[in-house]
Amino acid sequence: MTALSVVIPMYNEEAVIPVLVARLRPVLDSLDVEYEVVAVDDGSADDTANLVERCRLDWPQLRLIRLRRNSGHQAALTAGLHRSAGDWVVSIDADLQDPPETIREMLRVAREENVDVVYGVRSDRTTDTVFKRNTAGLYYRLMRRIVGPDLPSQAGDFRLVSRSVVEVLRRMPERVPVYRLLIPSLGFSSRAVSYTRERRAAGETKYPLRKMVALAWDSTADFTAAPLRLATWLGMAAFAASLIAMVFGLVVWANGTVIPGWTSLFLAVLLFAAVQLICLGLLGEYVARIYRTLQSRPAFHIGSDSADTPVPASVVP
Ligand code: UDP
Ligand code: MG
C-alpha cells in the first residue's frame, strides 16, 4: 500500500533534477511511510525524461509518466493526480521553490488534525521578482472576489490532498481544472501550512507572461460568467447616454441651431463598434469553452508510465 504520492510536473527541468532528487529523497525516506514519487514529464524537449530514468535505477520509488507532448502545468498535474496511488497526494514544483521539507509538516497536519486538504501558503515571496509578486497579488485578490473569501490567498499548487479528494477530482468532467481554485471550492476540511518561497534551484521559469495570462483567464472563465454580463451593463449605459443625447439634441434643435458633428459622430461609431467587438470576443471565448467540452478530447496523452513497464535495459547508469 502506498501511503504517499508526490506528484512533480516537469517541463525542461534537466538542470534541477539532480538537486531535486538529492533534496527530496532524504525527506521522503525519513517519513517512515510507503511512498512513490510520480514525475510527470510534460513533453520536455531536453534530457528530463532520460535523467529521471537514470535516477530510477537506484530509487525504486521513483516513477515516470511521460506525456506525448507539452500539455501545460495543470494538465501534467492532472495526469499525475489521476495515476497516483497514495492515500495522500502531494503536488510540488520541480524547481525546489516549494521546500520538500514542508511535506513532513503537511503530512503531520493532515494526520493529526484529520483534514482532507493541506495548503502550502507562501508567507514570504521575497525571492520572486517584483513583477511576479505584484501580478500574483493581483491574481489572488481577483480570485478571492470571484471564488469567495474561503480561497486561501497565496496558495499555489503545493498542497496535500487525501484520496477522497483525488477520487472526487478524477470523477469531475472538467478537461483541465485550475486546481488551486477548484479544490477550495469543493468544501473539504482544510488547513494551511506556511512556507517561504525559495529561489528557483536552477534553470529558467517555465511560466512566461503568456502562460500567466492564460492561467488568469482560465481561472476567471471557469468560475464566473460575469464578463458576459459586461455586454448588458455597457448596453444599458449606452442606452441611457443615447437618451440624454437625444433630449439634448432636441432642445438645441428647438432653439434653432444644428450641432456640427463629424468628429463626435465618427468617435461614437468607432467606440460602439469597439465595445461590440470586445463583447463578441468575450462571448466567443465562452462558446469556445462549450465547444471544447463537447468535443471532450483528452487534454493530454500519456505515452508511457514506468509503473506499467520494467526499467528499460537501454538506460545505462
Ligand atoms: N511545468 C510543466 N509544464 C509547463 C510549464 C511548467 O509541467 O508547460 C512545470 C515546471 O516544470 C515546474 C512547475 O510546472 O515544475 C512550475 O513551473 P515554474 O517553476 O517554471 O513556474 P513559476 O514558479 O515560475 O511560476
Ligand atoms: Mg517555479
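Being a predicted model, the structure only gives us computed values, none of them experimental.

Parameters at a glance
Residues numbered from 1 in each chain as written. Chains lettered and ligands numbered in written order. Predicted model: local features only at pLDDT ≥ 70, side-chain atom pairs only at ≥ 80, totals over all residues. Helix = DSSP H or I, 4+ residues; strand = E, 2+ residues; numbered from the N terminus. Rg over C-alpha atoms; globule rule 2.2 N^0.38 Å. Buried ≥ 20, exposed ≤ 12 C-beta atoms within 10 Å, placed from the backbone. Contact = placed C-beta atoms within 7 Å. Core = buried A, V, L, I, M, F, W, Y, C linked by C-beta atoms within 7 Å. Axes fitted to C-alpha atoms, helices over the stretch in contact; angles between N-to-C directions. Parallel < 35°, antiparallel > 145°, perpendicular 65-115°, else oblique. Left-handed = near helix turned anticlockwise from the far one by under 90°. Nonpolar A, V, L, I, M, F, W, Y, C, P; charged D, E, K, R; others polar. Pairing = 2+ DSSP bridges. UniProt positions renumbered as here; feature names shortened; annotations may be inferred. Right-handed = clockwise from strand over helix to strand, strands pointing away. pLDDT = per-residue confidence, 0-100. Expected span 1.5 Å × (residues − 1).

Caption draft 1: Layout of the overall build of the protein chain. Counting secondary structure elements, the protein chain contains 10 helices and eight strands. In terms of overall size, the protein chain is more extended than a compact globule, its C-alpha atoms giving a radius of gyration of 25 Å where 317 residues would be expected to give roughly 20 Å. Relative to its 317 residues, the protein chain shows a buried fraction of 29%. A separation threshold of at least 6 residues defines the contact pool for the protein chain, and within that pool the share at least 24 residues apart is 87%.

Caption draft 2: Fine view of the nonpolar core. Counting residues in each nonpolar core, the largest one holds 48 residues, and the members touching the most others are V6, V7, I8, A39, V40 and V90. Non-local contacts of V6, meaning those with residues more than four positions away in its chain, are made with L28, Y35, V37, V38, V90, I92 and I103.

Caption draft 3: Layout of the packing of helix α9 (residues 226-254) against helix α10 (residues 262-295). Running from amino to carboxyl end, α9 crosses α10 at an angle of 160°, the nearest separation of the two axes being 8 Å. Relative to α10, α9 is oriented roughly antiparallel. Once α9 is placed against α10, the crossing between them reads as left-handed. On α10, the residues that touch P227, L228, L230, A231, L234 and A238 of α9 are F272, V275, C279, L282, L283 and Y286. The residue inventory of the contact of α9 with α10, partitioned by class, reads 12 nonpolar, no polar and no charged.

Caption draft 4: Geometry of the sheet that holds strand β8 (residues 302-305). Ordered by their spatial adjacency, eight strands build an open sheet running β7-β5-β6-β4-β1-β2-β3-β8, and the pairing between neighbours is mixed. At either margin of the open sheet sits one strand with a lone partner, and together these are β7 (190-196) and β8. Each strand of the sheet is rotated relative to its neighbour by a mean of 20°, with strand direction disregarded. Where helix α2 (residues 48-56) meets the sheet, it contacts β1 (4-10), β2 (35-41) and β3 (62-67), and its direction lies at approximately 160° from that of β3.

Caption draft 5: Examining the UniProt feature "transmembrane region" (unreviewed entry) in the protein chain more closely. The feature "transmembrane region" (unreviewed entry), as given by UniProt, occupies residues 230-253 and 265-288 in the numbering adopted here. With 100% helix and 0% strand, residues 230-253 has its two end C-alpha atoms placed 34 Å apart. The annotated region residues 265-288 carries 100% helix and 0% strand content, and the separation between its end C-alpha atoms amounts to 34 Å.

Caption draft 6: The pairing of β3, seen in detail. Taking burial as the measure, the six residues of β3 include six buried ones, the bulk of the element. A two-sided burial pattern is seen for β3, the buried positions comprising L62, L64 and R66 on one face and R63, I65 and L67 on the other. Where β2 and β3 come together, five bridges link them in parallel fashion. Paired with V40 across the strands is I65, a residue of β3. For the segment spanning β2, α2 and β3, crossover handedness is right-handed. Where β3 meets β8, three bridges bridge the pair, whose relative direction is antiparallel. Residue pairing for β8: I65 is matched across the bridge by D305.

Caption draft 7: Quick look at unusual backbone geometry. Not every positive phi belongs to a glycine, and D32 is a case in point at roughly 50°. If you check the backbone angles, Q154 has positive phi at about 60° while not being a glycine. Structurally, Q154 is set in the loop between α5 (130-147) and β6 (155-162).

Caption draft 8: Here's a closer look at the UniProt feature "domain: Glycosyltransferase 2-like" (unreviewed entry) in the protein chain. UniProt annotation of "domain: Glycosyltransferase 2-like" (unreviewed entry) refers to residues 5-168 when read in the numbering used here. Secondary structure content for residues 5-168 is 41% helix and 24% strand, while the C-alpha to C-alpha distance between its ends is 17 Å.

Caption draft 9: Structural view of the confidence of the model for the protein chain. Mean pLDDT over the protein chain stands at 91; residues scoring 70 or higher make up 97%. Across the predicted assembly, pTM comes out at 0.88 and ipTM at 0.98.

Caption draft 10: Expanded view of α5. In this model α5 runs 25 Å from its N-terminal to its C-terminal C-alpha over 18 residues, within 8% of the 26 Å that 1.5 Å per residue would give. Positive phi shows up at G148, right after α5, with a value of about 120°.

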